[in-house]
Amino acid sequence: MLFRSQNAKRSVTDIMVPGAVVPFSYTRIWNSRKGSVYPGSAQMNAWTCNWQWTITANEGSDTAYFYGYFVGCPDGRVIQFNRPSSQGGNYNYGQVGTYTPGAGVAEKFVVPTAGVAQFTETDGTVVNFVFTGDGEGGHVTSVVDPFGRAVTISGIFGSSAVTITEPGGRWIQVSAPVYTNSYQTVSTTVTTSLGQSVSYLDNFYSSVTQAYYCPTTTGTPNPSPTPYDENSAADSSTDATG
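We now turn to the structure provided with this report. What you see is a predicted model, and the numbers here were worked out from it, not measured in a lab.

1. Things to note about the overall build of the protein
A count of helices and strands for the protein gives 0 helices and 18 strands. Residue burial in the protein is summarised as follows: out of 242 residues, 45% are buried. Considering only contacts within the protein whose residues lie at least 6 apart along the sequence, 39% involve residues at least 24 apart. Working note: accessible area of the protein is about 11100 Å², and carbon and sulfur atoms make up 54% of it.

If you want it as structure tokens, here you go:
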């Protein structure tokens, strides 16, 4: 339980990939205040995975003006960044420049050139995005640790298959979601280059996630949940919008 923000968090590491150049796993993270999507995750309340960052335009209540971007982090934090002060305009998405965070927020968000964006965590980790459509949102393309080691991410979570590849060439692949029962349930499967596999069946109405661990040829999935833990970044940014 996070007493400051009155929400609860939990993380479950379903797959550990041994022998990778960087620590390489597939971990589900649940945040009680984040009502969004994806594997293995019922929409109410959401699980996300540890490679799942998002950017969404802040259009205000009238959706008629571009104020900046919200960056969604895997642990449930949603951080607001305001557009460069010298620029503005209706639907003027993706403005090049440095965006301004709220008071006390140490993370950074920059659009260095048209079509791409960078989010920098407090430890120096850089998350790279490419904008989609006219810049109302975007999807993550790579995560670069403070030592310059890049994990590449191809595909879009929630709409297509996603392949996550670490510097040594080992990969984790998340299947495209398969919806059934009039979109009330969704199934996904996560596999690795070592033959590890976990399948998920989510129910949008009951918020129940079932994980099925398949036999592996190399390496072992870890189905044991980790305890609730307090987010160390809670004092410098919001845990989730709500």
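2. What about the environment of G137?
Assignment of secondary structure puts G137 in strand 11 (residues 137–144). C-alpha separation for the pair G137 and Y93, spaced 44 residues apart in sequence, amounts to 8.9 Å. The residues contacting G137, other than those within four sequence positions of it, are I55, T56, F131 and T132.

3. Things to note about the nonpolar core
One finds W51, W53, F109, F119, F157 and I164 to be the most contacted residues of the largest nonpolar core, which totals 39 residues. With 3 residues, strand 10 (residues 126–132) is the single largest residue contributor to this core. In this view, W51 contacts F24, S25, V140, V143, V151, I153, F157, I164 and I172; residues no more than four positions away in its chain are not counted.

Analysis parameters
Residue positions are counted from 1 within each chain, in the order its sequence is given. The predicted nature of this model means local features are confined to residues of pLDDT at least 70 and side-chain atom pairs, given and counted, to a pLDDT of 80 or more, with totals for whole chains, interfaces and linings taken over all residues. Hydrogens are left out, water is left out, and the side-chain values use all remaining heavy atoms of the structure. To qualify as a helix, a DSSP run of H or I must reach at least 4 residues; to qualify as a strand, a run of E must reach at least 2; elements of each kind are numbered from the N terminus. The buried label applies to any residue whose accessible area, calculated with a 1.4 Å probe on protein chains only, is under 20% of its type's maximum; exposed applies above 50%, and partly exposed to all values in between. Contacts are residue-level and defined by heavy atoms, with any inter-residue pair within 4.5 Å sufficient. The method behind every accessible area is Shrake-Rupley, applied with a 1.4 Å probe, and residues are considered shielded solely by the protein chains displayed. We define a nonpolar core as any set of buried Ala, Val, Leu, Ile, Met, Phe, Trp, Tyr and Cys residues linked to one another through side-chain atoms lying within 4.5 Å.

Function cannot be inferred from these measures alone, as they are strictly geometric.
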